[in-house]
Amino acid sequence: MSELHFYNSYTRQKEKFESITPGYAGLYVCGPTVSGESHMGHARPYITFDVVQRYLKHLGYKVRYVRNITDAGHFEEEGREAQDKVSEKAKLEKMEPMEMVHKYTSMFHHGMRLFNCDEPSIEPTATGHIIEQISMIETIIEKGYAYEVNGSVYFDVKKYADKYPYGKLSGRVLDDQLETTRELDGQDEKRNKADFALWKNAPPEHIMRWKSPWGEGFPGWHIECSAMSSKYLGETFDIHGGGMDLQFPHHESEIAQNTIAHGHASVRYWMHNNMITINGKKMGKSYNNVIKLSELFSGSHPILEQPYHPMVVRFYILQTHYRSTLDFSNEALQASERALRRLWEAYELLQKLNHPGNAEAADTNLDKQVTDWIDECPDFMNDDFNTAKVLANLFELAPVINSIKGGQVKPDAISAGTFSLLKDTFKTYLEDILGLQGMQAEQSNKLDSVISLLAEIRADAKKRKDFATSDEIRNKLQKAGIILKDEKDGTVSYTIE
RNA sequence: GGUCGCGUAGCCGAGUGGCUAGGCAAAGGUCUGCAAAACCUUCUACAGCGGUUCGAAUCCGCUCGCGACCUCCA
């Protein structure tokens, strides 16, 4: 079997994964800013890295997965007055900042549960780690790479860049930065435009504020991730993930902060997922084109033709490689819905199928083909988490399962060993690694018995060739969202839409 | 303007220098009282123009189109 390789954004090539401590893997992923409701774009990194941590666990690593909650807020855009996003929004909504932060954090968690994302091992908040951030800033000042002006502290990028490869991760040259950085508040306080804030002095109207050696203020955006990843994963850790849009300035700044504070870079492998686009444009607040998760699940957004089940969205995301952009459309989501239903039905069928137990395959070609498709799955995952290819192979296997059930293929065509391998593969890859689930609500036994009763009446009518009655039962159930299927063996199954 | 990336059949999308990914849709067939589902078959694409090569969607160059980042952003 192959070994895990994936693309390191820092070196821009696929590398073999070797964890710092054998058997253990540390993963840090930039979490959401909880100043608003999570949208579809947020689904991508958390589902992507959920699969990453699931796969690492599958490989036997003991994983510590840290994903932060940014609840301290940053600056307003468009060069306006420096304002804490969280506090400004809170005033509009007449809520305490922490009240609002709590609300959106809860909504985020709810969304993550619906997506079947495992909970991180630790979910630290920025506000809960002010002391650690202050302490890290002090270290950077002591080492001479940060300076204080009017109660704010800035990182000296120019000095840093003289000695270290600033801009390597995001592929940019500092000189350009010095030219192009826009006028933002506090710009005149900086020695160079490219310098970024470690600590900001809080204006009087700013609600969220903490005491610091430099007066009352609040931390800069980048320092929280540096402080919290160091605290929980160590000064050097394995993987840091996040959206591509965070490469600059966020991750570039993290590298600079850690390099100075610890004397060396912290992250072994950088991973970045690509964006979800809508009509070719990135989904984001600035573009005013976001579809919130709640709207997605309820269908209550003008662009949505229908509601979409969280699993459909998860499947849709996993059908594309995480480093490619993914364009939203109703057509694409609807295609995913049908595809997932088909795949899941095959999986459910597989669980109910019995195998005659023959050790030798009656159809050696088919048996070989099936084992080949199965054997490729780990190779695909090991090659930069290619979930799209894994799903493609599962789709290759689905007709085999359906054919055994449908009688087109005899159950003894594949060997008992292959059959059990097939079962294991579906369970392992669909459920454990890709984290997919069925879309149907848990069918209650009560409903089950009611449907059985109706099915019996209908079967009786069919026997009498009273098709009017049998069709009426089927059609009315269909209207209620329950679809009956007459199976070849005379039994009746049903699915709920 | 700078940096980076992308352009694949009706749609979504994977992709290694040589071996038609896969899904959805569509068409035909099998099965079925009829449906639905399932199964089988068909639809062989890589923006354009050059180049390298025995051979390129895959490497190189140019052109066109699109996007991301450079500012909060997943």
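Remember, it's a predicted structure, so these values are computed and weren't measured experimentally.

### Some remarks on the protein's contact with RNA strand B
Phase 1 of the analysis: Surveying the vicinity of RNA strand B reveals 63 residues, the closest of which are G171, W221, L246, K282 and M283.
Phase 2 of the analysis: Backbone atoms, meaning sugar and phosphate, form 69% of the atoms of RNA strand B found within 4 Å of the protein.
Phase 3 of the analysis: Between RNA strand B and H42, the relevant distance is 2.9 Å, taken from a phosphate oxygen to a side-chain nitrogen or oxygen of the residue.
Phase 4 of the analysis: Within the contact set of RNA strand B, a phosphate oxygen lies 3.1 Å away from a side-chain nitrogen or oxygen of E396.
Phase 5 of the analysis: Of the residues forming the surface near RNA strand B, the biggest block, eight residues, is contributed by helix α13 (residues 387–406).
Phase 6 of the analysis: Of the residues belonging to the surface near RNA strand B, the class tally is 20 nonpolar, 24 polar and 19 charged.

### Some remarks on empty space enclosed by the protein
Phase 1 of the analysis: Summed over the entire model, instances satisfying the criterion amount to two cavities of 30 Å³ or more.
Phase 2 of the analysis: Estimated volume of the largest cavity: approximately 90 Å³.
Phase 3 of the analysis: In terms of lining, the largest cavity is formed by R44, T48, V51, V52, M271, I317, L318, T320, Y322, F385 and T387.
Phase 4 of the analysis: Residue assignment for the lining of the largest cavity shows that the elements contributing at least two residues are α1 (40–58) and α10 (310–318).
Phase 5 of the analysis: The element contributing the most residues to the lining of the largest cavity is α1, with four residues.
Phase 6 of the analysis: Within the lining of the largest cavity, the residues separate by chemical class into seven nonpolar, three polar and one charged.
Phase 7 of the analysis: Among the domains, domain 1 (5–273) and domain 2 (293–433) are the pair contributing at least three residues each to the lining of the largest cavity.
Phase 8 of the analysis: Approximately 30 Å³ is the volume found for the second largest cavity.
Phase 9 of the analysis: Lining the second largest cavity, in full, are P32, T33, V34, G36, S38, H42, Y104 and F108.
Phase 10 of the analysis: Per-class residue counts for the lining of the second largest cavity are four nonpolar, four polar and no charged.

### Some thoughts on the packing of aromatic side chains
Phase 1 of the analysis: Per the stated rule, a full pass over the model turns up 17 aromatic pairs.
Phase 2 of the analysis: Plain terms: the ring middles of F155 and F196 are 4.9 Å apart, the flat faces sit at 10 degrees to each other, and that makes the pair stacked. On the criterion of sequence distance, the pair formed by F155 in strand β6 (residues 152–155) and F196 in strand β7 (residues 196–201) is long-range, its members being 41 residues apart. Note on accessibility: F155 and F196 belong to one class, buried.
Phase 3 of the analysis: Arranged with centres 6.2 Å apart and planes meeting at 75 degrees, the rings of F315 and F395 form a pair that is edge-to-face. In this pair, F315 sits in helix α10 while F395 sits in helix α13, placing the two residues 80 residues apart along the sequence. Pair check on accessibility: F315 and F395 agree, each one buried.

### A word on the pattern of salt bridges
It is possible for side chains of opposite charge to pair when their charged atoms get near one another.
Phase 1 of the analysis: For the structure on display, the rule yields 16 salt bridges.
Phase 2 of the analysis: Of the charged contacts, one joins R191 and D156 as a salt bridge, the two residues approaching to 3.5 Å between their closest N and O atoms. Here the residue R191 occupies a position in the loop between α6 (174–180) and β7, and D156 occupies one in the loop between β6 and α5 (157–163), the gap between them amounting to 35 residues.
Phase 3 of the analysis: The exposed category is assigned to R191, whose relative accessible area is 56%.
Phase 4 of the analysis: A salt bridge links R464 to D466; the shortest N-O distance between them is 3.5 Å.
Phase 5 of the analysis: Using a relative accessible area of 22% as the deciding quantity, one classes D466 as partly exposed.
Phase 6 of the analysis: Salt bridges linked by common partners bring D50, R54, K57, D118 and R314 together as one network.

### Points about the sheet that holds strand β4 (residues 62–67)
Phase 1 of the analysis: Strand order in the open sheet formed by four strands is β4-β3-β9-β10, and the pairing between neighbours is parallel. A single partner strand is all that each edge strand has here, and the edge strands are β4 and β10 (267–273). Across this sheet, the average inter-strand angle for adjacent strands is 20 degrees, counted without regard to direction.
Phase 2 of the analysis: As paired elements, strand β3 (residues 24–29) and strand β9 (residues 237–243) share three bridges and run parallel to each other. The partner of L27 across the bridge, within β9, is I239.
Phase 3 of the analysis: Strand contacts of helix α8 (residues 247–262): β9 and β10, with the helix running at about 160 degrees to β9, the strand carrying the most contacts.

### A closer look at the domain arrangement of chain A
Phase 1 of the analysis: Domain boundaries assigned for chain A yield domain 1 (5–273), domain 2 (293–433) and domain 3 (445–496).
Phase 2 of the analysis: Between the C-alpha centres of domain 2 and domain 3 there is a distance of 28 Å.

### Notes on the sheet that holds β6
Backbone-to-backbone hydrogen bonds pair the strands of a sheet. The strands run either parallel or antiparallel.
Phase 1 of the analysis: Here four strands make up an open sheet; going across it, the order is β5-β6-β7-β8 and the pairing antiparallel. In the strand order of this sheet, the two ends are held by β5 (146–149) and β8 (217–219), each with one partner. The sheet shows a mean angle of 20 degrees between the axes of neighbouring strands, direction not considered.
Phase 2 of the analysis: Bridge count between β5 and β6: four bridges; the pairing is antiparallel. Bridging across to β6, Y147 finds its partner in Y154.

### Things to note about unusual backbone geometry
Phase 1 of the analysis: At the junction of F248 and P249, the peptide bond is cis and its omega measures out at 0 degrees in the coordinates.
Phase 2 of the analysis: If you trace the backbone, P249 turns up in helix α8.
Phase 3 of the analysis: Located in the positive-phi region is D384, a residue other than glycine, with phi close to 60 degrees.
Phase 4 of the analysis: Of note, D384 is situated in the loop between α12 (364–382) and α13.
Phase 5 of the analysis: What makes D384 buried here is its relative accessible area of 0%.
Phase 6 of the analysis: With phi around 50 degrees, F385 is a residue other than glycine that occupies positive phi space.
Phase 7 of the analysis: With respect to the helices, strands and loops of the structure, F385 is situated in the loop between α12 and α13.

Thresholds, definitions, all that
Residues numbered from 1 in each chain as written. Chains lettered and ligands numbered in written order. Predicted model: local features only at pLDDT ≥ 70, side-chain atom pairs only at ≥ 80, totals over all residues. Heavy atoms only, no water. Near = heavy atom within 4 Å. Polar contact = N/O pair within 3.5 Å; in protein donor to acceptor, adjacent residues only side chain to side chain. Helix = DSSP H or I, 4+ residues; strand = E, 2+ residues; numbered from the N terminus. Nonpolar A, V, L, I, M, F, W, Y, C, P; charged D, E, K, R; others polar. 1 Å grid on protein atoms, 1.4 Å probe; cavity = no way out; pocket = protein on both sides within 12 Å on 5 of 7 lines; lining within 4 Å. Points joined across faces, edges and corners; volume = space filled by probe spheres on them. Domains from an automatic or database assignment. Phe/Tyr/Trp six-rings, centres within 6.5 Å; stacked < 30°, edge-to-face > 60°. Buried < 20%, exposed > 50% of the residue type's maximum accessible area, 1.4 Å probe, protein only. Salt bridge = Lys/Arg side-chain N within 4 Å of Asp/Glu carboxyl O. Pairing = 2+ DSSP bridges. Axes fitted to C-alpha atoms, helices over the stretch in contact; angles between N-to-C directions. Contact = heavy atoms within 4.5 Å.

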